[in-house]
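The primary structure of each chain is shown beneath.
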Amino acid sequence: MSVLPLVFTSGWASGINAYAVVLLLGLFGATGFADDVPDALQRPDVLVVAGVLFLCEVAADKIPYVDSAWDAAHTVVRPVAGAVVAALLAGESGSLPELAAGALGGTTALISHLVKAGTRMAVNTSPEPFSNIGVSIVEDLGVAGVITFAAFHPVAAAVVAGTLLVLGVVLVLFLASRIRRFLRRRARRRAEKRPVAAGGGPPPG
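Residue numbers here run from 1 along each chain, matching the order of that chain's written sequence. Where totals are concerned, whole chains, interfaces and linings use all residues; where local detail is concerned, this predicted model gives features only for residues with pLDDT of at least 70, and gives and counts side-chain atom pairs only at 80 or more. Side-chain metrics in this entry use all non-hydrogen atoms of the structure; hydrogen atoms and water are not considered.

Regarding the overall build of the protein
Here comes step 1: Every helix listed is a DSSP run of H or I at least four residues long, and every strand listed is a run of E at least two residues long, numbered separately from the N terminus. Across its full length, the protein holds nine helices and zero strands.
Here comes step 2: Each helix (α) and strand (β) of the protein, taken in turn from the N terminus, gives the series α-α-α-α-α-α-α-α-α.
Here comes step 3: Across its three principal directions, the C-alpha atoms of the protein cover 75 × 35 × 30 Å.
Here comes step 4: Sorting the 205 residues of the protein into buried and exposed places 43% on the buried side.
Here comes step 5: Throughout, a residue-residue contact means that at least one pair of heavy atoms, one from each residue, lies within 4.5 Å. Long-range contacts, defined as pairs at least 24 residues apart, comprise 74% of the intrachain contacts of the protein with a sequence gap of at least 6.
Here comes step 6: What sets the accessible areas is the Shrake-Rupley method with a 1.4 Å probe; for residues, cover comes only from the shown protein chains. When the accessible surface of the protein is split by element, carbon and sulfur atoms take 73% of a total near 10,500 Å².
Here comes step 7: On the protein, the mean spot of the 16 positive side-chain charges and the mean spot of the 14 negative ones are 19 Å from each other. Here's how the labels work: a residue is buried when its accessible area is under 20% of the maximum for its type, exposed when over 50%, partly exposed in between, all with a 1.4 Å probe on protein chains only. In this tally, Lys and Arg are treated as positive and Asp and Glu as negative; His is ignored, and so are the chain termini. All charge positions are set by atom: Lys at NZ, Arg at CZ, Asp at CG, Glu at CD.

Rendered as structure tokens:
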């Protein structure tokens, strides 16, 4: 079960930025920085695609409302990526069944993603864009730091990831009122756009 901490940590990080996880693990394995990185993550085509998508996420993640739309589009992508990475890690080590690893990584990624998406909804109730940029930078640095730490100290990194996950859930519950405000505002905007999209303009006269 030695791979279990790394599976959990990669799942947590995938829920925040799945492309960064794939890119970092692949680079660590390709450069010999870390052992037991699955060959599938080290392939040049995988690294190129992950790098391009990572740059897209870096840009989209720092723009108010665009970040929430990006999160919505990745509600499936991030948990699936977390499950796939976890299954690959388990298959490489042989110390944990791949199905169990995939379930753990995917579930952890889903919870982490929901925390990230909820936090961004709360941040987007603020009219200025700087809070989005700051939160995004903290998330990027957090993922990079925890994944790098996990390459050397997987158990300690899993403790850090678990602590951050619990704190994130508590924070989202604390910000619930701001999240509801964001959802009401978005629903109002959609309702205002619906008559225009349906071809119904303002009444004559």
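And the narrative resumes.
Describing a nonpolar patch on the surface
Here comes step 1: Note on patches: the residues involved have over 30% relative accessible area and no salt bridge, like charges join within 9 Å, and the nonpolar side chains Val, Leu, Ile, Met, Phe, Trp and Tyr join within 5 Å. Salt bridges, as used here, are contacts in which a Lys or Arg side-chain nitrogen is within 4 Å of a carboxyl oxygen on Asp or Glu. A grouping of F130, I133, I137 and L141 is seen on the molecular surface, where their side chains present a nonpolar patch of about 410 Å² in accessible area.
Here comes step 2: Relative to the elements of secondary structure, F130 occurs in helix α7 (residues 130-152).
Here comes step 3: For F130, a relative accessible area of 64% gives the class exposed.

So, the packing of aromatic side chains
Here comes step 1: Paired rings are identified among Phe, Tyr and Trp, the last through its six-membered ring, by centres lying within 6.5 Å, and are further divided according to the angle between planes into stacked (under 30 degrees), edge-to-face (over 60) and tilted (the rest). With the rule as written, the count across this model stands at two aromatic pairs.
Here comes step 2: Ring plane angle 90 degrees and centroid distance 5.1 Å describe the contact between F33 and F152, whose orientation is recorded as edge-to-face. Here F33 is found in the loop between α1 (4-30) and α2 (39-42), whereas its partner F152 is found in helix α7, with 119 residues between them in sequence.
Here comes step 3: According to the relative accessible area criterion, F33 is partly exposed, its value standing at 39%.

Some points on the environment of A30
Here comes step 1: Position of A30 relative to the elements: it lies in helix α1.
Here comes step 2: Among the residues examined, A30 registers a relative accessible area of 47% and is labelled partly exposed.
Here comes step 3: Taking C-alpha positions, A30 is 9.1 Å from P44, a pair spaced 14 residues apart along the chain.

Thoughts on the packing of α1 against helix α8 (residues 154-174)
Here comes step 1: Geometry is summarised by axes, namely lines fitted to C-alpha atoms with helices restricted to the contacting stretch, and by angles between N-to-C directions that run from 0 to 180 degrees. Across the interface, α1 lies against α8 with an axial gap of 8 Å and an inter-helix angle of 40 degrees. In this view, α1 runs oblique relative to α8, as classed from their interaxial angle. Where α1 crosses over α8, the handedness of that crossing is left-handed. Contacts from P5, L6, F8, T9 and W12 of α1 reach α8 at P154, V155, A157, A158, A161, G162, L164 and L165.
Here comes step 2: Gly falls in the polar group here, along with every residue not listed as nonpolar (Ala, Val, Leu, Ile, Met, Phe, Trp, Tyr, Cys, Pro) or charged (Asp, Glu, Lys, Arg). Its residues placed into classes, the contact of α1 with α8 shows 11 nonpolar, two polar and no charged. Note that the term roughly parallel is reserved for angles under 35 degrees, roughly antiparallel for angles over 145, roughly perpendicular for angles of 65 to 115, and oblique for everything else. Should the near helix be turned anticlockwise from the far one by less than a right angle, the crossing is termed left-handed; should it be turned clockwise, right-handed.

Digging into the side chain of H74
Here comes step 1: Counting through the fold element by element, H74 comes out in the loop between α4 (66-73) and α5 (77-93).
Here comes step 2: Judged by relative accessible area, which is 6%, H74 ranks as buried.
Here comes step 3: A polar side-chain atom of H74 sits 2.8 Å from a polar atom in the side chain of Y19.
Here comes step 4: Other than its neighbours up to four places away in sequence, H74 contacts Y19, E57, P79 and H113. We define a polar contact as two N or O atoms separated by no more than 3.5 Å, with the added condition that, inside protein, one atom must be a possible hydrogen donor and the other a possible acceptor, whereas residues neighbouring each other in sequence contribute only through side-chain atom pairs.

Here's the deal with α4
Here comes step 1: Three or more residues of α4 are buried, namely D67, S68, W70 and D71. Projection of α4 onto a plane perpendicular to its axis shows the buried side chains occupying an angular sector of 160 degrees, all on one side. Our arc is simply the arc of the directions from the helix axis toward the C-beta atoms.

Concerning the nonpolar core
Here comes step 1: Grouping buried Ala, Val, Leu, Ile, Met, Phe, Trp, Tyr and Cys residues that are joined through side-chain atoms within 4.5 Å yields what is termed a nonpolar core. Judged by nonpolar contacts, the single largest core of 31 residues is most densely connected at V7, W12, V21, L25, V143 and I147.
Here comes step 2: For this core, the secondary-structure elements that each account for two or more residues are α1, α3 (44-60), α5, α7 and α8.
Here comes step 3: With 12 residues, the single largest contributor to this core is α1.
Here comes step 4: For V7, the residues in contact, after removing those within four places along its chain, are A86, L89, L96, A101, L104 and G105.
Here comes step 5: Core analysis: the next-biggest nonpolar cluster, separate from the first, contains seven residues, V115, M121, A122 and I179 among them.

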